[in-house]
Amino acid sequence: MTVSQRVPQAAPSSASDIPTRKIARRLIPFLCLLYFFAYLDRFNIGFASITMNQDLGLSMAAYGFAASMFFVGYILFEVPSNIVLGKVGARLWITRIMVTWGLVSAATIFTRGPGSLAGLRLLLGAAEAGFLPGIVVYLSQWFPHEERSGAMGMFQTAMPLAGVLGSPVSALILTHMHGVSGLPGWKWLFLIQGLPSVALGLSCLWLLPSRPAEAKWLTDAQRASLERKLEAERRATEAGGHVSLRQVFVEPRVVMLAVLLFCLICGSTGIGFFLPQIVKDFGFSTVKIGMVTAIPYLASVVGMVLWSRFANHKDDRIRYVAIPTVLAGCGFLLAACSLHTPVVAVIGLSVACVGIFSTFPVYFTLPQTFLTGTSAAAAIAFVNSVGNISGVVEPAFIGWTRDVSGGFTFMLFILAGLMAVALVLCWRFAAMVRSGAVASPLKRQSV
């Protein structure tokens, strides 16, 4: 029996019947704004550390340990949070996530030392857990497979945009708000950047429909066409072999993707937590640190959008993860060899940023090429949890290497090595695709 005989055939839907541009205009800017503050609240501790470490008496290793506690909370609650999201709907659960993380981020002003800072970072990670994988699943309920990486690319530009806009703004807050009402600048940083997340979370109740059936801005015909298309893709994916929820966590393809994400997040975490410190070592003022730190992120916005659009209609998606991984590795190597030449080092860091951030929009479409429904949601949460283990071990280790070696050269060589490991994992996954172990929904629908 052929695949086409096994899969119930849905009424065909032409591309013009699917209002993807209309959906993108209504959802992506708002989701991008949510993720902007998620990324800002996660990594603004990197800028705060410029003055906070001295105020609290933190060594670089102690700072790295406290920063890493975010990922402990994140990992522990990631899968449970995503399962709850699937049961109660995106609107209510994303509201809960944003309100709690905004309050915890703002509460960092009450930290008194390494212990309280680590505890608040732990709570922040628990509060944010489930947000990114939940949005990935949410977008899969609105965008067909061939449009998904483009949608993910637009959504995930919030990560580098948080660096582009957040870096200079954070520097200005540290400089000009210092001493206002008797508070140091780093406390104002957490307060000013944390509270907007609470307001945005509450606005989800009115602005974020849980599924296409609730989108009053779509016509009945548009909703029906979209649902037919997504249902046909779901059935095509299931025709390639069903993976139960229990099997997801030991499925070799899922485990391989989890280790791959670990390597990639090591790169983005190293940049997020330590880029301001690297630039500080160039001898720049706080305001200039903010301006220079924005450069790699600005390059990443352009690179991410262009690359995700280029990869959008490509079938062999893992190749479009591997190529920017090579770029990231080369950038880290260039930066490692040129830290005494700031201009060249910033170019290397910019190349590394472009490579790292360009992998994510394509990467997060991979689990849904062979999983559907709850299994896909659990798999995305699982790989994101494993990937974020890097955030537990990396900051403290890098902080220790900085204290011991007096610089960041060793860190950058390690990140380049991890990009090489990521490239090997991409090659192995591609070999599985070529052997027929993983087939694209696009291919199966055309069988």
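Conventions used here
- Residues numbered from 1 in each chain as written.
- Predicted model: local features only at pLDDT ≥ 70, side-chain atom pairs only at ≥ 80, totals over all residues.
- Heavy atoms only, no water.
- Helix = DSSP H or I, 4+ residues; strand = E, 2+ residues; numbered from the N terminus.
- Buried < 20%, exposed > 50% of the residue type's maximum accessible area, 1.4 Å probe, protein only.
- Contact = heavy atoms within 4.5 Å.
- Areas by Shrake-Rupley, 256 points an atom, 1.4 Å probe, with all protein chains shown as cover.
- Expected span 1.5 Å × (residues − 1).
- Core = buried A, V, L, I, M, F, W, Y, C linked by side-chain atoms within 4.5 Å.
- Phe/Tyr/Trp six-rings, centres within 6.5 Å; stacked < 30°, edge-to-face > 60°.
- Lys NZ or Arg CZ within 6 Å of the ring centre and 35° of its normal.
- pLDDT = per-residue confidence, 0-100.
- Patch = residues over 30% accessible without salt bridge, like charges linked within 9 Å, V, L, I, M, F, W, Y side chains within 5 Å.
- Salt bridge = Lys/Arg side-chain N within 4 Å of Asp/Glu carboxyl O.
- Axes fitted to C-alpha atoms, helices over the stretch in contact; angles between N-to-C directions.
- Parallel < 35°, antiparallel > 145°, perpendicular 65-115°, else oblique.
- Left-handed = near helix turned anticlockwise from the far one by under 90°.
- Nonpolar A, V, L, I, M, F, W, Y, C, P; charged D, E, K, R; others polar.
- Polar contact = N/O pair within 3.5 Å; in protein donor to acceptor, adjacent residues only side chain to side chain.

Undergrad: Please clarify how the overall build of the protein should be interpreted in this entry.
TA: Per the secondary structure count, the protein includes 19 helices and 0 strands. Within the protein, the fraction of its 447 residues that count as buried is 60%. Pairs at least 24 apart in sequence give 84% of the contacts found in the protein among residues at least 6 apart. Surface exposure of the protein reaches about 17100 Å², of which carbon and sulfur atoms provide 68%.

Undergrad: What exactly am I supposed to notice about helix α17 (residues 390–405) here?
TA: Helical periodicity: at 3.6 residues per turn, an α-helix aligns residues three or four positions apart in one direction. An ideal rise of 1.5 Å per residue puts 22 Å on 16 residues; α17 measures up with 21 Å between its terminal C-alpha atoms. Positive phi appears at G406, one or two residues downstream of α17, with a value of about 80°.

Undergrad: Quick question: what am I supposed to make of the environment of V302 here?
TA: Relative to the helices and strands, V302 resides in helix α13 (residues 286–311). Relative accessible area serves as the criterion here: at 48%, V302 is assigned to the partly exposed category. Placed 142 residues apart in sequence, V302 and P160 show a C-alpha to C-alpha distance of 9.4 Å.

Undergrad: Looking at this structure, I do not really get the side chain of T108. What am I missing?
TA: Counting through the fold element by element, T108 comes out in the loop between α4 (90–106) and α5 (114–128). Residues within four places of T108 in sequence aside, it is in contact with L117, L120, W186 and F190.

Undergrad: What exactly am I supposed to notice about the nonpolar core here?
TA: Soluble globular proteins: nonpolar side chains tend toward being buried together. Judged by nonpolar contacts, the single largest core of 138 residues is most densely connected at M52, I94, F131, L260 and Y363. Among the elements that line this core, the one with the most residues is helix α2 (residues 20–56), at 21 residues. Contact partners of M52, with chain neighbours within four places excluded, come to I45, L58, Y63, L117, W186 and F190.

Undergrad: Where do I start with the packing of aromatic side chains in this structure?
TA: Pairs of aromatic rings are described using the distance from one ring centre to the other and the angle between the two planes. Counted under the stated rule, the structure contains 20 aromatic pairs. On the basis of an interplanar angle of 70° and a centroid distance of 5.8 Å, the ring pair of F282 and F284 is categorised as edge-to-face. Residue F282 is classed as buried on the basis of its relative accessible area, which comes to 15%. An aromatic cluster of at least three residues, connected via ring pairs, comprises Y35, Y39, W101, F131, F155, Y297, F357 and F360. Against the face of W93 rests R96, its NZ or CZ located 4.4 Å from the ring centre.

Undergrad: Explain the confidence of the model for the protein to me, please; I cannot follow it from the model alone.
TA: Low pLDDT means the predicted coordinates in that region are not meant to be read closely. Mean pLDDT over the protein stands at 82; residues scoring 70 or higher make up 87%. Mean pLDDT in the protein bottoms out at helix α1 (residues 3–6), which sits at 37, and peaks at helix α14 (residues 319–336), which reaches 94. Here residues 1–16 is modelled with pLDDT under 50, and outside its nearest four sequence neighbours on either side it reaches 18 contacts, counting other chains as well. Between residues 437–447, whose pLDDT stays under 50, and residues either more than four places distant or in other chains, the model counts 31 contacts.

Undergrad: Any chance you could explain unusual backbone geometry here in plain terms?
TA: Among all residues except glycine, the phi angle is most often negative; among peptide bonds, the trans geometry is most common. Backbone geometry at S181 places phi at a positive 55°, although glycine is not the residue there. Along the chain, the position of S181 falls in the loop between α8 (158–176) and α9 (185–207). The exposed category is assigned to S181, whose relative accessible area is 66%.

Undergrad: Explain a nonpolar patch on the surface here, please?
TA: A surface patch of nonpolar side chains, amounting to about 630 Å² of accessible area, comprises V88, L92, L202, L205, W206 and L207. Here the element with the most residues in the nonpolar patch is α9; it accounts for 4 residues. Within the element layout of this structure, L205 appears in helix α9. Residue classification places L205 among the partly exposed residues on the basis of a relative accessible area of 35%.

Undergrad: I would appreciate a short explanation of the pattern of salt bridges in the present structure.
TA: Between side chains of opposite charge, a pair can form when the charged atoms approach closely. Following the criterion strictly, the structure yields 3 salt bridges and no others. For the salt bridge of E214 with R91, the shortest nitrogen-to-oxygen distance reads 3.0 Å. Note that E214 is positioned in the loop between α9 and α10 (220–239) and R91 in helix α4, a separation of 123 residues in sequence. Of the charged contacts in the structure, one is a salt bridge between R211 and E214, with a shortest N-O distance of 3.0 Å. By relative accessible area, R211 is classed as partly exposed at 45%.

Undergrad: Would you explain the packing of α2 against α9 in this entry?
TA: Each packed pair of helices is defined by two parameters, the angle between the axes and the distance between the axes. Viewed as axis vectors pointing N to C, α2 and α9 meet at an angle of 165°, and their least axial separation amounts to 9 Å. Taken together, α2 and α9 sit at an angle that is classed as roughly antiparallel. At the point where α2 passes α9, the crossing takes the left-handed sense.

Undergrad: Teacher, can you tell me more about the packing of helix α3 (residues 60–88) against helix α12 (residues 252–280) here?
TA: At a minimum axis separation of 12 Å, α3 and α12 run at an interaxial angle of 145°. As α3 packs across α12, the resulting crossing turns out to be right-handed. Touching M60, Y63, A67 and F71 of α3 are T269, F273, F274 and Q277, all from α12. Taken together, the residues that form the contact of α3 with α12 break down as 6 nonpolar, 2 polar and no charged.

Undergrad: Help me out: how do you make sense of the environment of K229 in this one?
TA: Mapped onto the fold, K229 is located in helix α10. Separated by 84 residues in sequence, K229 and H145 place their C-alpha atoms 9.5 Å apart.

Undergrad: Could you clarify how one ought to interpret the side chain of N44 in this entry?
TA: For N44, the location among the structural elements is in helix α2. Judged by relative accessible area, which is 3%, N44 ranks as buried. A polar contact is formed between the side chain of N44 and the side chain of Q193, at a distance of 3.1 Å. Ignoring anything within four residues of it in the chain, the contact list for N44 reads S105, L189, F190 and Q193.

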